[in-house]
Amino acid sequence: MKYGFTIAFFLSTFFWIPFYASAQTYTISGKVSSETGNSLPAAYVFVSSAAEQDSSETGNMFSTTTPFQDRTGKKGRYRITGLEPGTYAVTAYHPGKKVTTKEITIQESDIHLNFELVVLEGALGELTVEDTESASFGITRMRSVEGVTINESKKNEVVVVEEIAANLATNNSRQVFAKVPGLNIWQSDEAGVQLGIGGRGLSPNRSSNFNTRQNGYDIAADALGYPESYYTPPVRALKRIEIVRGAASLQYGTQFGGLLNFVFKDGPEDERLQLNSNQSVGSYGMWSSFNSVGGSTENMNYYGFYQYKKSDGWRPNSELDQHTAYGSVQYNITPKLTINPEYTYMHYLAHQPGGLTDAQFEEDPGQSNRERNWFRVNWNLLALKANYEFSSKTRLNTRFFGLKAGRDAVGNLERIDRLDFGGPRNLLKDDFTNWGNETRLIHRYPLGEQLSVFLVGTRFYNGFTHRRQGRGTDGSDPDFSYLSPDNLRGSDFDLPSRNRSLFVENIFNITPELSITPGVRFEYIRTEADGYYRNIVEDLAGNILVDERIEEQRDRKRSFVFFGIGASYKGSRNLEVYANYSQNYRAINFNDIRVDVGSLEVDPNMQDERGFNVDLGLRGSRDTFFNYDVSLFHLSYEDRIGTVLKTEPNPKFNGLVDRTFRYRTNVADAKIYGLETFAEVNLYRLFMGETRSSRLSLFTNLALITSEYSDSDISGIEGNDVELVPNVNFKTGLTFSRKNFEASWQFSYVSEQFSDATNARRTPTAIEGIIPAYHVMDLSAKYNHNWFRLEAGINNVTNNIYFTRRATGYPGPGIIPSPSRSFYVTAGISL
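Residues numbered from 1 in each chain as written. Predicted model: local features only at pLDDT ≥ 70, side-chain atom pairs only at ≥ 80, totals over all residues. Heavy atoms only, no water.

## Quick word on the sheet that holds strand S14 (residues 156-160)
Across the sheet, which stays open at both edges, the six strands sit in the order S11-S14-S19-S20-S17-S18 with mixed pairing between neighbours. Every interior strand has two partners, whereas the edge strands, strand S11 (139-140) and strand S18 (217-218), have only one. Pairing of strand S17 (residues 211-214) with strand S20 (residues 259-264), which is carried by four bridges, proceeds in the parallel orientation. Note on S20: the bridge partner recorded for Arg213 is Asn261. (Pairing = 2+ DSSP bridges. Helix = DSSP H or I, 4+ residues; strand = E, 2+ residues; numbered from the N terminus.)

Here's what the structure looks like:
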């Protein structure tokens with residue numbers, strides 16, 4: 001850690017040197033009142049240059065972007081600081097009132113300016129004000145209402161991709177999500193093909209504990225039966241990444257982690273055609289070519305890209321070849337109706353080096369003991385979205401979506417402490433065919449003296465997974481064909497699932513400062529399994545003692561209602577107190593039950609998981625230089641599914657000898673408590689006044705979490721720590737920007753964590769055991785000049801040796817080492 005503090009001291013000292021004297025700035029202040037003379041609390045006042053001001057005064061929907069804004073307090077007063085001499089347009093807005101704009105000129109003194117807002121006749125207005133200073137920090141929060149979503153009182157974060165300096169060529173999640181507190185990130189994929197993030201004690205495995213979406217629709221393999229994300233959108237194609245914690249279950253479904261939504265860029269609104277090309281090279285043979293096209297016409301906006309990525313990997317047997325493409329067209333059929341078809345394609349082939357034992361990792365983390373393991377993914381996503389605005393206060397959105405995809409894995413998945421002597425490989429093949437629709441109606445209506453918001457939605461989802469497991473070829477090439485396709489040695493199952501949902505939420509604005517947001521969701525879930533598995537028992541010589549083909553059919557239906565409620569008190573723009581409670585539910589997936597992965601066995605009588613999330617926090621921002629969010633949370637996870645070590649008589653020896661194996665079942669109830677904090681300050685603004693061309697920001701992100709198992713029927717579990725819960729998760733960093741240049745330094749520290757419910761510290765298979773504490777640093781910089789841009793950086797600056805994951809099957813089993821130090825350079829053009 002000494003290197004981290006040394007670099008932090010160097011960077012902070014170097015960038016204190018001023019580049020020029022700060023300019024004299026002035027203040028605008030005043031009062032906003034109604035036509036009757038009463039003060040108007042919770043009115044918005046913002047300042048923009050007169051040339052950029054929208055001339056509309058109708059109160060209908062429009063938006064503006066400015067860092068200079070304030071929200072009136074109880075006495076209707078506002079104060080906006082940091083303005084340089086010049087001519088400005090000052091706009092005041094309050095729901096249900098007519099938007100009023102006044103032009104002022106600042107010369108050599110502060111200005112006092114009052115507003116009197118009159119009642120708006122006709123439609124209720126909506127004004128959107130984007131806080132660009134929060135965005136320039138690379139992190140912001142969702143507004144109370146955005147589009148057809150309600151976010152009031154929910155803990156959430158938004159990563160603004162354009163405003164971060166990070167390794168976008170490899171989707172470096174450690175950098176991209178640096179300012180989101182409490183995330184536990186698996187860092188074993190140096191090419192950034194699959195994202196693995198979890199939080200609050202939830203497994204990061206392919207982000208399966210989040211409801212993972214793209215532009216608002218599902219992208220996981222099977223939202224119910226197999227909610228793992230084999231596809232991750234290229235970060236360079238994204239505008240923002242939205243994270244809503246556990247309270248998202250009311251609107252988005254039953255995952256305990258909440259919502260993870262990737263929002264793609266649109267084409268530029270002021271150009272008919274824009275071309276972008278980014279070519280990246282890096283360590284270990286990494287090459288990424290990202291090329292996009294976008295633009296707008298009178299009634300249409302379009303955007304599309306194609307990315308090719310290849311890498312040799314930092315370990316032997318780690319080659320990657322990936323293709324990703326995306327296309328989107330938004331067409332305004334009428335002023336009120338917009339349709340938006342989208343298509344996404346992704347295909348990749350990856351050589352997998354396998355896992356390591358603890359001893360092998362300590363000897364050489366860069367080694368590989370598996371040469372014959374391969375992984376292939378083919379992904380096709382289609383969506384059709386439509387928006388219809390009945391009026392400025394009522395909007396309907398419907399989205400149809402479908403997935404046609406597959407993932408294949410072939411290789412030796414036996415214990416990693418045993419050599420691979422060849423022979424037929426284990427081959428797993430999954431095909432996914434899913435489709436669904438989600439429709440939402442949002443309506444704003446006056447209630448008393450305030451404006452309230454009502455949201456109702458439905459979800460219709462059909463999933464179908466065809467899962468097979470059997471013997472593959474005995475070669476070393478990526479051959480994904482079965483030796484006996486008509487009579488698989490493992491299993492062959494059809495796994496359909498159905499989901500029907502109805503949800504309602506409403507923001508009741510009791511006063512301008514206080515709101516209550518209750519919600520309810522009805523769920524109907526049906527999961528089925530139809531197929532067979534082979535029960536084969538061999539002696540030590542490989543002779544078959546038992547070979548049974550067992551047919552199995554399962555059909556499970558359940559319906560339930562769960563509730564949530566949130567509250568928000570906005571004392572000022574600098575302070576919001578928020579709280580929420582939301583129930584959660586997670587259905588078991590049958591397609592995980594009949595999989596033979598080494599010594600893993602699964603309890604056929606597993607039950608669904610239930611629980612709830614609670615948040616209590618403070619958040620806000622101070623002018624244009626400080627942003628913070630501090631919250632306490634409690635996650636109650638009943639009947640949590642996990643893996644334990646189990647011992648019973650071995651059938652190979654007629655029960656005369658015991659065997660120990662891994663058993664997946666409902667382990668216990670998990671109680672997880674924590675503190676999540678985030679703060680960022682613009683040090684340049686704090687010490688040198690307002691400077692528009694330079695910024696030096698410091699952020700800290702700290703999560704302190706404690707966890708415990710309770711109410712377990714399994715011996716030795718009660719009182720244990722919950723796996724994958726580091727007690728300390730800390731990140732900090734500095735970002736310096738001046739005009740077209742930006743550089744960032746980041747330091748991450750994660751304390752040790754267990755990998756299973758038994759809290760084993762070390763085992764021969766390396767599947768269970770401690771994940772030791774680690775720290776890692778990253779440096780990134782970027783420069784833009786007209787049509788040209790240049791990016792470069794170093795990941796894992798101090799070349800720390802660490803790992804974040806012990807895999808139960810592929811890409812292991814065993815320890816999956818995290819990448820060593822690497823470099824990257826990107827050159828890009830925009831035409």
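## A closer look at the pairing of strand S43 (residues 774-785)
Sheet analysis places strand S40 (residues 741-750) next to S43, joined by ten bridges and oriented antiparallel. Residue Gln746 lies in a different strand from S43, and its bridge partner there is Asp778. Strand direction decides the pairing type here: S43 and strand S44 (residues 788-795), joined by eight bridges, are antiparallel. The partner of Ser780 across the bridge, within S44, is Gly793.

## Quick notes on empty space enclosed by the protein
As a volume, the largest cavity reaches approximately 990 Å³. Around the largest cavity sit 41 residues that line it, and Ser203, Asn205, Glu228, Arg664 and Thr808 are the ones nearest its centre. Breaking the lining of the largest cavity down by element, the ones donating at least two residues are strand S36 (626-649), strand S37 (658-682) and strand S45 (803-807). Of all the elements, S36 adds the most residues to the lining of the largest cavity, at five residues. For the lining of the largest cavity, the per-class residue count stands at 15 nonpolar, eleven polar and 15 charged. Here the second largest cavity defines a volume of roughly 550 Å³. Lining the second largest cavity are 30 residues; nearest its centre among them are Ser188, Asp189, Glu190, Gln352 and Pro811. Of all the secondary-structure elements, those providing two or more residues to the lining of the second largest cavity are strand S25 (337-352) and strand S46 (814-817). By residue number, the principal contributor to the lining of the second largest cavity is S25, which donates four residues. Of the residues contributing to the lining of the second largest cavity, the split by class is 14 nonpolar, ten polar and six charged. (1 Å grid on protein atoms, 1.4 Å probe; cavity = no way out; pocket = protein on both sides within 12 Å on 5 of 7 lines; lining within 4 Å. Points joined across faces, edges and corners; volume = space filled by probe spheres on them. Nonpolar A, V, L, I, M, F, W, Y, C, P; charged D, E, K, R; others polar.)

## Some details on the nonpolar core
Among the nonpolar cores identified, the biggest contains 52 residues, and Val159, Phe177, Ile241, Leu260 and Trp379 are the most heavily contacted of them. With four residues, strand S26 (residues 373-391) is the largest single contributor of residues to this core. Those residues in contact with Phe177, other than ones at most four positions away along the chain, are Val159, Leu183, Ile185, Leu195, Ile197, Ile241, Ile243 and Leu260. Counting 20 residues, the second largest nonpolar core, distinct from the first, contains Val45, Val47, Tyr88 and Ile111. (Core = buried A, V, L, I, M, F, W, Y, C linked by side-chain atoms within 4.5 Å. Buried < 20%, exposed > 50% of the residue type's maximum accessible area, 1.4 Å probe, protein only. Contact = heavy atoms within 4.5 Å.)

## So, the pairing of S36
Note that strand S35 (residues 609-622) and S36 share 13 bridges and pair antiparallel. Across the sheet, the residue bridging to Gly611 is Tyr637, located in S36. Where S36 lies against S37, 22 bridges are found, and the strand directions are antiparallel. Bridging from a neighbouring strand, Leu645 pairs with Arg662 of S37.

## Quick look at the environment of Thr643
Counting through the fold element by element, Thr643 comes out in strand S36. The exposure class of Thr643 is buried, given its relative accessible area of 16%.

## Examining the pattern of salt bridges
On inspection of all chains with the given rule, the structure shows 47 salt bridges. In this structure, Glu791 engages Arg236 in a salt bridge whose closest nitrogen and oxygen atoms are separated by 3.0 Å. Of this pair, Glu791 sits in strand S44 while Arg236 sits in the loop between S18 and strand S19 (238-244); the two residues are 555 residues apart in sequence, bridging distant segments of the chain. On the accessibility criterion, Glu791 (9% relative accessible area) is buried. Taken together, the shared-partner salt bridges in this structure form one network comprising Lys155, Glu157, Arg200, Arg245, Asp615, Asp629 and Glu676. (Salt bridge = Lys/Arg side-chain N within 4 Å of Asp/Glu carboxyl O.)

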